[in-house]
Structure formats: structure tokens, C-alpha cells
Amino acid sequence: MDGLNQLLRRVPVWSVYLLGLLPVPGLFFLGLTGGLGVEPVKALEHEYGELALKLLVAVLAVTPLRRYAGLNLIRFRRALGVLSFIYVLCHLLVWLLLDVQIPSQILADILKRPYITIGMAAFVLLLPLAVTSNNASVRRLGPRWRILHRLTYPAIALGALHYVMLVKGFQIEPLAYLAVILTLLALRLPVIRRKATT
């Protein structure tokens, strides 16, 4: 693990941003050219949303991987968080601009459809985290920065619940995401942390 950590220290953070952003135009191009099936808008919305959730899971996994496996990915955590927000934003913009399109309908959906209400709540929680994901904010906020960024936990849980609620019928994949996220959140509880280190 030490050798892998040394190798990871040589990987520039900008390369994570570069690789992480590649699917944004790639998926949009597939949607334009018919590569996402008969309902490209819905498919694009789903793909961006699922990528956001995967990246959020990766953000949550950084600390347990370091604590329990010795794998240190901490220097990439902020990049993963920013990338996850970008995909959440893409997911939202596809829904707003390509799917619903009518402003009055957007507001009605947010108020009347619980899964959309929950998804919007998750987005609102992530917004201040994205705005303050820079060195200047870390210096300016000091210890309050860590407290603010604990909003990550309810935001990710709400994102997983949003996914579970929006699918039709019983599907394993959304439930699997929810189970993984709840497990990763549980590993942060003080009682479980103490048991794992004893």
C-alpha cells in the first residue's frame, strides 16, 4: 500500500479534473447523435445523475479507505467533490432546460413530487460546498469550513434517496447505492470508529 500511495502522490490533481470531465461532452454528443436510445433526454439526465452519485460515493469512501485500508486519496477528495457537483448541475440543467422547459411546471414539480423535492434539497445543500471548495474559502472560514462541509453527508443521503424514489418498480441498483452510502456514513459514527480501531 505504501508503494501505491507513493505512486498516487505523483498523480497531478488536475488530471483527475480532466479525466472526470470527459464524460460531460461525450454523453451530450451521444445524446445528440442517437447514441443514448429512443429517449436521449431522459437517458442523459440519468447518466449525469448516476455519475454524480458515483463520485459522491467516492468522496465518502476516501476517509474509510485511508483509515481501514491505508489507501491515501485525500489529496483528490476536493476534486472528486467538485466533479460530483458538476454532474449534479448537469443532471439538473438537463431536467430544467431539455426535459421540463416550462418554468411554472418546474416549480409545480418541485412542490408536488417528493423525489424532485428531495433532489432539489440535496442540490441546495451541495451549493455552498461547491462555492467554498477553494483554498481562499478554507483560509477565510477556518475551522468553520470543516463544519460547513459536513453538509456533504445529508446531501449524499438525500441524493441516494432521490434515486430510489424516482425509479419505477423494484430495482436493485438504486437500493445498492443507498446501502453503500448508508454503510459509508455509518463508518463515520464515533462508536463504530472506536470498535474498528480496537
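Going by the structure above, here's the rest.
As a starting point, this report considers the structure included with it. (Residues numbered from 1 in each chain as written. Predicted model: local features only at pLDDT ≥ 70, side-chain atom pairs only at ≥ 80, totals over all residues. Heavy atoms only, no water.)

1. Some details on helix 7 (residues 114–131)
Piece 1. Along its 18 residues, helix 7 runs 26 Å from first to last C-alpha, staying within 8% of the 26 Å computed at 1.5 Å per residue.
Piece 2. Among the residues of helix 7, Ile116, Ile118, Gly119, Met120, Ala122, Phe123, Leu126 and Leu129 are the ones counted as buried.
Piece 3. On its buried face, helix 7 is in contact with helix 4 (40–69), helix 5 (77–100), helix 6 (103–112), helix 9 (143–148) and helix 10 (152–166). (Helix = DSSP H or I, 4+ residues; strand = E, 2+ residues; numbered from the N terminus. Expected span 1.5 Å × (residues − 1). Buried < 20%, exposed > 50% of the residue type's maximum accessible area, 1.4 Å probe, protein only. Contact = heavy atoms within 4.5 Å.)

2. Details of the nonpolar core
Piece 1. Core analysis: the biggest nonpolar cluster contains 48 residues, and Tyr48, Trp95, Leu126 and Ile181 have the highest contact counts within it.
Piece 2. Elements supplying a minimum of two residues to this core: helix 3 (23–32), helix 4, helix 5, helix 6, helix 7, helix 10 and helix 11 (172–186).
Piece 3. Those residues in contact with tryptophan 95, other than ones at most four positions away along the chain, are Glu45, Val100, Gln101, Ile106, Asp109, Ile110 and Ile116. (Core = buried A, V, L, I, M, F, W, Y, C linked by side-chain atoms within 4.5 Å.)

3. Notes on the side chain of glutamate 50
Piece 1. Looking at the secondary structure, you find glutamate 50 in helix 4.
Piece 2. Despite its burial, glutamate 50 pairs with no opposite charge; the closest candidate is lysine 54, at 4.2 Å N-O.
Piece 3. There is a polar contact of 3.1 Å between the side chain of glutamate 50 and the side chain of tyrosine 177.
Piece 4. Setting aside residues no more than four positions away along its own chain, glutamate 50 makes contact with Tyr163, Glu173 and Tyr177. (Lys, Arg positive; Asp, Glu negative; His and termini not counted. Salt bridge = Lys/Arg side-chain N within 4 Å of Asp/Glu carboxyl O. Polar contact = N/O pair within 3.5 Å; in protein donor to acceptor, adjacent residues only side chain to side chain.)

4. Some details on a positive patch on the surface
Piece 1. Together, Arg66, Arg67, Arg146 and Arg150 make up a positively charged patch on the protein surface.
Piece 2. The residue arginine 150 is located in the loop between helix 9 and helix 10 in this model. (Patch = residues over 30% accessible without salt bridge, like charges linked within 9 Å, V, L, I, M, F, W, Y side chains within 5 Å. Areas by Shrake-Rupley, 256 points an atom, 1.4 Å probe, with all protein chains shown as cover. Charge placed at Lys NZ, Arg CZ, Asp CG, Glu CD.)

5. Topic: helix 4
Piece 1. The axis of helix 4 is deflected most strongly, by about 35 degrees, at alanine 61, and proline proline 64 appears within four residues downstream.
Piece 2. Where helix 4 terminates, the next one or two residues include glycine 70, which has phi positive at roughly 80 degrees. (Bend = angle between axes of the 7 residues up to and from the residue.)

6. Here's the deal with the packing of aromatic side chains
Piece 1. Applying the stated criterion to the full structure yields three aromatic pairs.
Piece 2. Aromatic pair tyrosine 163 and tyrosine 177: ring centres 5.8 Å apart, planes at 55 degrees, arrangement tilted. With a gap of 14 residues between them, tyrosine 163 in helix 10 and tyrosine 177 in helix 11 connect regions that are remote in the sequence. Each member of the pair, tyrosine 163 as well as tyrosine 177, is classed as buried. (Phe/Tyr/Trp six-rings, centres within 6.5 Å; stacked < 30°, edge-to-face > 60°.)

7. Examining the pattern of salt bridges
Piece 1. Summed over the entire model, instances satisfying the criterion amount to two salt bridges.
Piece 2. For lysine 42, the salt bridge identified is with aspartate 99, shortest N-O distance 2.9 Å. Placement of lysine 42 in helix 4 and of aspartate 99 in helix 5 is noted, with a sequence separation of 57 residues between them.
Piece 3. Classification of aspartate 99 as partly exposed rests on a relative accessible area of 25%.
Piece 4. A salt bridge links aspartate 109 to arginine 113; the nearest nitrogen and oxygen atoms lie 3.5 Å apart.
Piece 5. Given a relative accessible area of 7%, aspartate 109 falls into the buried group.

8. Overview of the packing of helix 2 (residues 13–21) against helix 5
Piece 1. Orientation of helix 2 relative to helix 5, taken along the N-to-C sense of each, is 20 degrees, at an axis distance of 9 Å. Accordingly, the angle class assigned to the pair helix 2 and helix 5 is roughly parallel. In this structure, helix 2 meets helix 5 at a crossing whose hand is right-handed. When helix 2 is examined against helix 5, the residues Val13, Val16, Tyr17, Gly20 and Leu21 are found in contact with a partner set consisting of Arg78, Ala79, Leu80, Val82, Leu83, Ile86 and Tyr87. (Axes fitted to C-alpha atoms, helices over the stretch in contact; angles between N-to-C directions. Parallel < 35°, antiparallel > 145°, perpendicular 65-115°, else oblique. Left-handed = near helix turned anticlockwise from the far one by under 90°.)

Read these as geometric descriptors, not functional statements.
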